[in-house]
Amino acid sequence: MIRLKGDVEAARFELETLVEGPVLDEDAIMAQYEKLEKAHAALGRERFDFFLTVRKIVGYENYQKLLVAKKLKDRKRGDR
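Residues numbered from 1 in each chain as written. Predicted model: local features only at pLDDT ≥ 70, side-chain atom pairs only at ≥ 80, totals over all residues. Heavy atoms only, no water.

Novice: Teacher, can you tell me more about the overall build of the protein chain here?
Specialist: The number of helices and strands found in the protein chain is two helices and zero strands. The C-alpha atoms of the protein chain give 19 Å as radius of gyration, which overshoots the globular expectation for 80 residues (12 Å, by more than 25%). Along the three orthogonal principal directions, the C-alpha set of the protein chain runs to about 55 × 30 × 15 Å. When the 80 residues of the protein chain are sorted by exposure, 14% land in the buried category. In the protein chain, once contacts between residues fewer than 6 apart in sequence are set aside, the share between residues at least 24 apart is 56%. Only carbon and sulfur atoms are counted for the fraction: they give 59% of the accessible area of the protein chain, which is about 6800 Å². The averaged location of the 15 negative side-chain charges in the protein chain is 15 Å from the averaged location of its 17 positive side-chain charges. (Helix = DSSP H or I, 4+ residues; strand = E, 2+ residues; numbered from the N terminus. Rg over C-alpha atoms; globule rule 2.2 N^0.38 Å. Buried < 20%, exposed > 50% of the residue type's maximum accessible area, 1.4 Å probe, protein only. Contact = heavy atoms within 4.5 Å. Areas by Shrake-Rupley, 256 points an atom, 1.4 Å probe, with all protein chains shown as cover. Lys, Arg positive; Asp, Glu negative; His and termini not counted. Charge placed at Lys NZ, Arg CZ, Asp CG, Glu CD.)

Listed below in structure tokens is the structure:
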């Protein structure tokens, strides 16, 4: 997952470099944007796979306890 986060950051940096440069090459910018989107998708798939693995390991009851704990934590922080 760390490598995938690095891929996203590298793709984002390259896109910013292209957009902020003196010459606006729309084809290169769009190609880099596509690379960024693919990197985001790969990271999202990896995160979801991790979630499913955790869910399988902890089982239904422990997963429900984790959800309750997260909701309580979020309320304390004022997130929801």
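Novice: Would you explain the layout of surface pockets in this entry?
Specialist: Once rolled over the atoms, a probe with the size of a water molecule shows which space is left empty. Here the largest pocket defines a volume of roughly 160 Å³. The wall of the largest pocket is formed by Phe50, Phe51, Val54, Tyr63, Leu66, Leu67 and Lys70. In terms of residue class, the lining of the largest pocket is built from six nonpolar, no polar and one charged. (1 Å grid on protein atoms, 1.4 Å probe; cavity = no way out; pocket = protein on both sides within 12 Å on 5 of 7 lines; lining within 4 Å. Points joined across faces, edges and corners; volume = space filled by probe spheres on them. Nonpolar A, V, L, I, M, F, W, Y, C, P; charged D, E, K, R; others polar.)

Novice: Looking at this structure, how should I read the environment of Glu14?
Specialist: Within the secondary structure, Glu14 sits in helix α1 (residues 2–20). As for Glu14 and Arg45, which are separated by 31 residues in sequence, their C-alpha atoms are 22 Å apart.

Novice: Whenever I open this one, α1 confuses me. Can you help?
Specialist: In an α-helix, one full turn covers 3.6 residues, which means residues spaced three or four apart are oriented alike. Its 19 residues place the ends of α1 27 Å apart at the C-alpha level, agreeing with the 27 Å of an ideal helix rising 1.5 Å per residue. By the burial criterion, the buried members of α1 are Leu4, Val8, Ala11 and Leu15. The buried residues of α1 occupy an angular sector of 70 degrees when projected down its axis, which confines them to one face. For α1, exposure combined with an orientation more than 90 degrees from the buried face picks out Ile2, Arg3, Phe13 and Glu20. (Expected span 1.5 Å × (residues − 1). Arc of directions from axis to C-beta.)

Novice: Explain helix α2 (residues 26–77) to me, please; I cannot follow it from the model alone.
Specialist: Here α2 is 52 residues long, yet its end C-alpha atoms lie only 42 Å apart, well below the 76 Å a rise of 1.5 Å per residue gives. Helix geometry: α2 is bent most strongly at Gly59, by close to 110 degrees. Those residues of α2 that fall on the buried side of the exposure criterion are Ile29, Gln32, Leu36, Ala39, Leu43, Tyr63 and Asp74. Buried residues along α2 sit in contact with α1. One or two steps after α2, the chain reaches Gly78, where phi turns positive at roughly 80 degrees. (Bend = angle between axes of the 7 residues up to and from the residue.)

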